[in-house]
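Given next are the chains, with one letter for each unit.
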Amino acid sequence: MAAAPFLKHWRTTLERVEKFVSPLYSTDCNLRGRWWTCWFRVELTIPEAWVGQEVHLRWESDGEGLVWRDGEPVQGLTKEGDKTSYVLTDRLGEGDPRSLILYVEVACNGLLGAGKGTMIAAPDPEKMFQVSRAELALFHRDVHKLLVDLELLLGVAKGLGEDNQRSFQALYTANQIVNVCDPAEPETFPAAQDLASKFFGQRGGESQHTIHAMGHCHIDTAWLWPFKETVRKCARSWITAVQLMERNPEFIFVCSQAQQLEWVRNHYPGLYARLQEFACHGQFVPVGGTWVEMDGNIPSGEAMVRQFLQGQNFFLQEFGKMCTEFWLPDTFGYSAQLPQIMRSCGIRHFLTQKLSWNLVNNFPHHTFFWEGLDGSRVLAHFPPGDSYGMEGSVEEVLKTVAKNRDKGRTNHSAFLFGFGDGGGGPTQTMVDRLKRLYNTDGLPRVQLSSPGQLFSMLESDSEQLCTWVGELFLELHNGTYTTHAQIKKGNRECERILHDVELLSSLALVRSTPFLYPAAQLQGLWRLLLLNQFHDVVTGSCIQLVAEEAMCHYEDIRSQGNTLLSAAAAALCAGEPGPEGLLIVNTLPWKRTEVLALPRPGGAHSLALVTVPSMGYAPVPAPTSLQPLLPQQPVFVVQETDGSVTLDNGIIRVKLDPTGRLTSLVLVASSREAIAEGAVGNQFVLFDDVPLYWDAWDVMDYHLETRKPVLGQAGTLAVGTEGGVRGSAWFLLQISPNSRLSQEVVLDAGCPYVRFHTEVHWHEAHKFLKVEFPARVRSPQATYEVQFGHLQRPTHYNTSWDWARFEVWTHRWMDLSEHGFGLALLNDCKYGSSVRGNVLSLSLLRAPKAPDATADMGRHEFTYALMPHTGSFQDAGVIQAAYSLNFPLLALPTPGRAPVSAWSAFTVSSPAVVLETVKKAETNPQDHTLVLRLYEAYGSHVDCWLHTSLPVQEAVLCDLLERRDPAGHLPLRDSRLKLTFSPFQIQSLLLVLQPTPELSP
């Protein structure tokens, strides 16, 4: 239906259309700013005289190209990727057609985007692309082979050096070839080839190191180009790999990321069918097991599980088997919980090379066992050549052996060859080089191999391997914990929304007969979130166009997720006898009493203290009749004559100076002060932030030398909410001439922490904003939350390994504790953090200018909180408090009648065990089986009871892919299940619900 007509103004209408086609203005949102491809119709006539010879189409253009023949893609063309010809025929036959029509699709970007001036610069909307060559040519394969041989001989001579006998043999062989070979007389070529074959045919001994060469093509799912361009990159790269597999039966090509394969299945079904065919032959090998090559730090534990759940199920369905190796070559660090997640997803092996990028310390191993938080171990391998984009040169082969840090412990290494990052992949020349080096004296043995063959050999000789315990921290790219704060916020919010939707939909499935669990819709939303968790998207290291697409994905998840929440709430209330009102839902596995803003008629809100049981709900009458419940200990708010403000709820007492800084934070019961003597907390600080090169990625240690406290004006602090169930004060702060901040400091009745609701208007260049809290605590280590657990990092710079962690990542909380007392800093959407000495610092905003000049510019909202505590952070409830900050109680209107009483679906007897996820199993839609995921959060051995009010017929342990443990049957006693956990262990359960009338399909 057309929109209603508006009165038109000539000038605005004219300029609107002009801007829509302008190459200069509004290119972020007009037609000029879109990623284009151009199509060329290529009409060919092959000369009759070329019968019996190999004929190529030579094509060179600045943009990536794709040749189409008979309606199907047949060859990628990239000048940067050394693919500038398409084989029309290996040997032109007498009866072959002489005239052909091809189509070449050319993108307006190179392999690595279209940056202005430098690779990581923002795309240049004025950049011009041209086709510089389009011609038919004869390809002399004998010449090509001689070129490869001479190149390799020179590589051996240079690589082995003048002190090596084999080096001289290579050099003299090359010299003899030059003597006998006359470029003008092809009949001299066989003699030259015989000389080369004699050299390369001299075999090495049994002790040679074996290099397992695998074709590889790392394609960033989005980075310096948008998602839709990646679809075309996959087609260009993979059709080329198909051509290589056809011509070289021993060539094996490995391919990760289920999302990319799904794109190709949808957009290039013919190519996809070829990939499936070669997978059956063992030449096309899916690897990784995840939906995308995600970031290894920022995604939640549950999101990491879903990467494998979605990826492994896709590989099983489409290729007949799951992956046994986790393939993550280019991610910016690796969580200590990944080994456990891998093992529970059917994966025993891990490959990356990114730690070779460490700025400070050389990682000590290339092949080792990696042990996670819970003690799970996987066999890890880093290709010693420190690259996933080798080209098959002798120099690279020798480097792979020379740089191997596990000499003597293992005699096998991976060698990943093929142009990567922007795609491209292997070339025939690379394959020819590696085949020629198969088993040559003086060099390592080279075999075209697969991940399975490599890890099988590594496993067979693993007795001497060392073990690395804990996280694999990348000493670089730690600005990615903070860059593009809106993406980080969208990630955290959408993880929460999907958690809540799954729980409420699961409960509605049980409580309401007609309710249909939205499995397909939830899968689509999860896949959007997982797509955004690609390692150049959620990290913020992408161009503006990608960031905008990511924000649209988050908005889709929010919108559809809220609709699903409302539908589940309505189903929960169906048939209930109570009056119309609100349903207050607690999606966390413990009872909560909190202050909640409840909607009232006319759009107003009233504050109420509500109590909601664990993973359940409590009804609230219609807002018109709601009388606020007064707490036993109300909040008192006092403003002194000097402008300072004190907030006191009987648990903690907060004192703010007239500019909003925290001068005192006292635990009332013990009178223990949490802020360091003579210092102030809630101190905003500004740093210069100019990395060496990787702008959006890096924050360098020298930024700490530029610390500048942001000082406010006295008299800007004012009382907000005056007390009772809530007290607050607020202030304004001018950060710089271009940026400002407003903050409300909030203390609720019964709450053990004080919240800082913050709004920032940020317009800076190469600045870094943090907030600091000096604690009256002394400890050599601080604790940070990670996926399904926590770990400690040093607060000192004793060693290079310590100071390389000057900026680290956390999830919802970090804590600095000494014996008997500590201070925790919680947040609702931040990841960058640090504790140096006694100062807890939360990273808030950056302002990089490449590859997105607009990154972080504009308005931001976020909340952090400060929680002093006695005893350990575990016993004080820091973990639960951080969950509560991130998962607020939901006030959902009931369209019909509301329940008359509170109801709880699950409770856990031990606070050390967190019930993280409740969802429907990935099974038949008519099957009413739920999956519960729990983990031990304190770092302890614990027995606990899980109580449920659901009609459970059977309970059985399963892995993270929801496959039953044959020995995992759990007896149900009085609606309770007994569970036993070791430190940081993750356990998943299948609950088969009884086929009661309410559960009938």
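If you're wondering where the values come from, they're calculated on a predicted model, not measured in any experiment.

1. Thoughts on the environment of Gln 340
(1) Moving on: By secondary structure assignment, the location of Gln 340 is in helix α9 (residues 338-343).
(2) Moving on: Setting aside its immediate chain neighbours within four residues, Gln 340 contacts Asp 374, Ser 376, Phe 984, Gln 985 and Ile 986.

2. Some points on helix α5 (residues 227-247)
(1) Moving on: Between its terminal C-alpha atoms α5 stretches 31 Å, which fits the 30 Å expected from 21 residues at 1.5 Å a residue.
(2) Moving on: With 18 of 21 residues buried, α5 lies mostly within the body of the structure.

3. Description of the sheet that holds strand β28 (residues 708-709)
(1) Moving on: Spatially, six strands are ordered β28-β27-β33-β40-β39-β36 in an open sheet, and the strand pairing comes out antiparallel. Whereas interior strands pair on both sides, the edge strands pair on one side only; in this sheet they are β28 and β36 (808-809).

4. Points about the sheet that holds strand β7 (residues 131-138)
Strand-to-strand pairing in sheets goes through backbone hydrogen bonds, with the strands running parallel or antiparallel.
(1) Moving on: Taken in spatial order, the three strands make up an open sheet running β5-β2-β7, and their pairing is antiparallel. On the outer flanks of this sheet lie β5 (85-89) and β7, each paired with one strand and no other. Strand-to-strand twist of the sheet, defined as the mean angle between neighbouring strand axes without regard to direction, takes the value 15 degrees.
(2) Moving on: As defined by bridge partners, strand β2 (residues 55-61) adjoins β5 across four bridges and the pair is classed as antiparallel. Each residue of the ladder has a partner; that of Leu 57, found in β5, is Tyr 86.

5. Considering the nonpolar core
(1) Moving on: Phe 350, Trp 370 and Phe 906 are the most contacted members of the largest nonpolar core, which has 257 residues in total.
(2) Moving on: No other element matches the 13 residues that helix α15 (residues 544-573) contributes to this core.
(3) Moving on: Not counting residues up to four positions away in its chain, the partners in contact with Phe 350 are Phe 326, Leu 328, Tyr 334, Met 342, Trp 370, Val 378, Leu 379, Ala 380, His 381, Phe 382, Phe 455 and Leu 472.
(4) Moving on: Ranked by size, the runner-up nonpolar core spans 17 residues in total, among them Trp 50, Val 67, Leu 77 and Val 104.

6. Remarks on helix α13 (residues 485-511)
(1) Moving on: Between the first and last C-alpha of α13 there are 39 Å, a value that for 27 residues agrees with the 39 Å anticipated at 1.5 Å per step.
(2) Moving on: Judged by how many residues are buried, α13 sits mostly within the fold: 24 of 27 residues are covered.

7. Considering the environment of Arg 812
(1) Moving on: With respect to the helices and strands, Arg 812 occurs in the loop between β36 and β37 (813-818).
(2) Moving on: Arg 812 gets classed as buried once you look at its relative accessible area, which sits at 13%.
(3) Moving on: Once the C-alpha coordinates of Arg 812 and Ile 879 are considered, the two residues, 67 residues apart in sequence, prove to be 8.4 Å apart.
(4) Moving on: If we ignore the near neighbours within four places in the chain, the residues touching Arg 812 are Arg 492, Glu 785, Leu 825, Leu 826, Asn 827, Ala 882, Tyr 883, Asn 886, Phe 887 and Tyr 935.
(5) Moving on: Separated by 3.2 Å, the side chains of Arg 812 and Tyr 883 make a polar contact.

8. A word on the domain arrangement of the protein chain
(1) Moving on: You can read the domains of the protein chain as domain 1 (29-139), domain 2 (143-201), domain 3 (210-469), domain 4 (479-573), domain 5 (635-886) and domain 6 (905-1000).
(2) Moving on: The gap between the C-alpha centroids of domain 4 and domain 6 is 23 Å.
(3) Moving on: The interface is formed by 10 residues belonging to domain 4 together with 16 residues belonging to domain 6.
(4) Moving on: For the domain 4 and domain 6 pair, buried surface summed over both sides reaches about 1,100 Å², with 68% attributable to carbon and sulfur atoms.
(5) Moving on: Connecting domain 4 to domain 6 are zero salt bridges.
(6) Moving on: In this assembly, domain 4 and domain 6 are joined by three residue pairs in polar contact (both at pLDDT 80 or more).

Definitions and cut-offs
- Residues numbered from 1 in each chain as written.
- Predicted model: local features only at pLDDT ≥ 70, side-chain atom pairs only at ≥ 80, totals over all residues.
- Heavy atoms only, no water.
- Helix = DSSP H or I, 4+ residues; strand = E, 2+ residues; numbered from the N terminus.
- Contact = heavy atoms within 4.5 Å.
- Expected span 1.5 Å × (residues − 1).
- Buried < 20%, exposed > 50% of the residue type's maximum accessible area, 1.4 Å probe, protein only.
- Pairing = 2+ DSSP bridges.
- Axes fitted to C-alpha atoms, helices over the stretch in contact; angles between N-to-C directions.
- Core = buried A, V, L, I, M, F, W, Y, C linked by side-chain atoms within 4.5 Å.
- Polar contact = N/O pair within 3.5 Å; in protein donor to acceptor, adjacent residues only side chain to side chain.
- Domains from an automatic or database assignment.
- Buried area = accessible area lost by both parts, 1.4 Å probe.
- Salt bridge = Lys/Arg side-chain N within 4 Å of Asp/Glu carboxyl O.

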